[in-house]
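Listed below, chain by chain, are the residues.
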Amino acid sequence: PPPPADAAAAAAASAAATAASAAAAPSSASRSASASAAASSTAAAESVAEDADSLREAGGAAFRRGDAAAAEQLWGKALQLSPGDATLLSNRSAARLATGDARGALDDALAAVASAPAWPKARGRHAAALSALGRTEGALEACAAGLRLDPSAPYLRSEFARLKQ
């Protein structure tokens, strides 16, 4: 048998190695907790996306039936769940314009353009809001920017022609 001092040193070294191994490798409980937290986070994100989509659809239904105020509120709630969504910003811009809030419509249109600069429809919302504010030259410029992105966009073409008169 080894001398007692060597046995104590060997036991201490073994205990240190076991402690180091336990610290380096997460326990199955902590791995399970991490996996559970990740799954919960993913489920929460999917739930938020579904809620935003539900609000988007409800806003669309309200707008189609002529209730622009309800559509604005629904799309606003969806934007709280999905901030910076260009489609939601564009939709709320249209709803705000329909309720007479041209300044709010402009704010949303500008945010939609910033979020999706290559999306012609955002440029159309921008033009519509500027037009409602009596800023015809700016509206023409916004239409022209949209038409550079999509020269065949019917709304932009008709709005540009209307503004030129």
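Residues numbered from 1 in each chain as written. Predicted model: local features only at pLDDT ≥ 70, side-chain atom pairs only at ≥ 80, totals over all residues. Heavy atoms only, no water.

So, about the environment of Ala 71. Its location among the elements puts Ala 71 in helix α3 (residues 68-81). The buried category is assigned to Ala 71, whose relative accessible area is 0%. Separated by 14 residues in the primary sequence, Ala 71 and Glu 57 place their C-alpha atoms 9.5 Å from one another. Residues in contact with Ala 71, not counting those within four places in the same chain, are Gly 59, Ala 62, Phe 63 and Ala 95. (Helix = DSSP H or I, 4+ residues; strand = E, 2+ residues; numbered from the N terminus. Buried < 20%, exposed > 50% of the residue type's maximum accessible area, 1.4 Å probe, protein only. Contact = heavy atoms within 4.5 Å.)

With that settled, consider the packing of helix α4 (residues 86-98) against helix α6 (residues 120-132). For the pair α4 and α6, interaxial distance at closest approach is 10 Å and the crossing angle is 20 degrees. Looking at the two axes, α4 sits roughly parallel to α6. As for the relative orientation of α4 and α6, their crossing is left-handed in sense. Listed contacts from α6 to Ser 90, Asn 91, Ser 93, Ala 94 and Leu 97 of α4 are Lys 121, Arg 125, Ala 128, Ala 129 and Ala 132. A per-class count over the contact of α4 with α6 returns five nonpolar, three polar and two charged. (Axes fitted to C-alpha atoms, helices over the stretch in contact; angles between N-to-C directions. Parallel < 35°, antiparallel > 145°, perpendicular 65-115°, else oblique. Left-handed = near helix turned anticlockwise from the far one by under 90°. Nonpolar A, V, L, I, M, F, W, Y, C, P; charged D, E, K, R; others polar.)

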